[in-house]
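So the chains spell out like this:
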Amino acid sequence: MNAYDTPPLPGLTEPAPAGLPTADSNGLPALRHLDWPALVAELDADGVALTPPLLTPGQCAQVRAMFDEPGLFRSTVTMARHRFGEGSYRYFAHPLPELVLALRQQLYPPLAHIANTWAARLGEPEFPGLHEDLVAACAAMGQHRPTPLLLRYEQGGYNCLHQDVYGDLTFPLQVAVLLDEPDRDFTGGESVFVEQRPRAQSRPIVRRPEQGQGLVFAVHHRPVRSARGWSRVMLRHGVSTVHSGRRHVLGVIFHDAR
């Protein structure tokens, strides 16, 4: 149990030993043995949690290669054109690739449990327990476009601080999976988060995942214990400059876009 007494996550097994993930019979990632209580404690402390590897090196290469298959995507954004940074990203079209869909569907239920704990603390509406019900709720609000995306940064690339809000219905957690090996495939390119607490200066948080690891983090805000109960704390995220090589990231966002 963490410092904020988050309820235990039902139906989840004990964490597996550290190391590379195994795959289920369909070759999709097996996520059942993540140490969710430890991840919850990190999220409550910082709004950011680093998972063990979610994808094997082979799966990382498979997803990374998708960037050069334009038929998989509904749109491409050149970041410099919009002053978002330097680099490019592509939003997947329906139907999502199996690995991407599996991550989105299998990660969602425990994240929904955390999201609903946060919602109760802040007096906000709850979220559905299953991802297909969240997608249906998004569609009812005019949010039909899939949001999982693949990002590529070349040397000199970076991402300005931002929040991934695509409509009125925003699920409060997202996951970013690093697809390359730091210090072999690229240097620099750290994941940067900035937290703004009420009546306090901003706090920087830097994480440096290894290949296949995921960063779970707050999309927009999260609850933090205060003298009067719970306060909303804002979080923005970005990427520092890539000094050499090429960096790819799979972004798994759970709500759809307007």
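Whatever comes next refers back to the structure up there.
Residues numbered from 1 in each chain as written. Predicted model: local features only at pLDDT ≥ 70, side-chain atom pairs only at ≥ 80, totals over all residues. Heavy atoms only, no water.

(A) Just the overall build of the protein chain, in detail. From N to C terminus, the protein chain includes 4 helices and 15 strands. The proportion of buried residues among the 258 residues of the protein chain is 49%. (Helix = DSSP H or I, 4+ residues; strand = E, 2+ residues; numbered from the N terminus. Buried < 20%, exposed > 50% of the residue type's maximum accessible area, 1.4 Å probe, protein only.)

(B) Structural detail: the side chain of Thr-170. When you line up the elements, Thr-170 lands in the loop between strand E6 (158–162) and strand E7 (173–178). Excluding its chain neighbours within four sequence positions, the residues that come into contact with Thr-170 are Phe-127, Val-165, Val-219 and His-255. (Contact = heavy atoms within 4.5 Å.)

(C) A look at the packing of helix H3 (residues 98–122) against helix H4 (residues 131–140). Contact pair H3 / H4: the axes reach a minimum separation of 9 Å and the direction vectors enclose 100 degrees. Between H3 and H4, the angle falls in the class roughly perpendicular. Where H3 abuts H4, its residues Arg-104, Gln-105 and Tyr-108 lie against His-131, Leu-134 and Val-135. When its residues are assigned to classes, the contact of H3 with H4 shows 3 nonpolar, 2 polar and 1 charged. (Axes fitted to C-alpha atoms, helices over the stretch in contact; angles between N-to-C directions. Parallel < 35°, antiparallel > 145°, perpendicular 65-115°, else oblique. Nonpolar A, V, L, I, M, F, W, Y, C, P; charged D, E, K, R; others polar.)

(D) Main features of the packing of helix H1 (residues 36–46) against H3. Where H1 meets H3, the axes come as close as 12 Å, and the angle between the chain directions of the two elements is 40 degrees. If you check the angle between H1 and H3, you find them oblique. Crossing angle aside, the handedness with which H1 passes H3 is right-handed. When H1 is examined against H3, the residues Trp-36, Val-40, Leu-43 and Asp-44 are found in contact with a partner set consisting of Leu-107, Pro-110, Leu-111, Ile-114, Trp-118 and Arg-121. (Left-handed = near helix turned anticlockwise from the far one by under 90°.)

(E) Spatial organisation of helix H2 (residues 57–65). Residues of H2 that are buried: Gln-59, Cys-60 and Val-63. Down the axis of H2, the smallest arc covering the buried residues is 105 degrees, so these residues share one side. Close packing links the buried residues of H2 with H3, strand E5 (149–153), E7 and strand E15 (247–253). (Arc of directions from axis to C-beta.)

(F) Quick look at the sheet that holds E5. The antiparallel open sheet is built from 7 strands, whose spatial order is E1-E11-E7-E15-E5-E4-E2. Taken across any chain shown, the strands that pair with only one partner, and hence form the sheet edges, are strand E1 (48–53) and strand E2 (73–78). In this sheet, adjacent strand axes meet at a mean angle of 20 degrees when their direction is disregarded. Pairing between E7 and strand E11 (residues 213–218): 5 bridges, direction antiparallel. Directly across from Val-175, in E11, lies its bridge partner Val-216. Relative to E7, H3 is tilted by about 140 degrees, and along the sheet it contacts strand E4 (88–92), E7, E11 and E15. (Pairing = 2+ DSSP bridges.)

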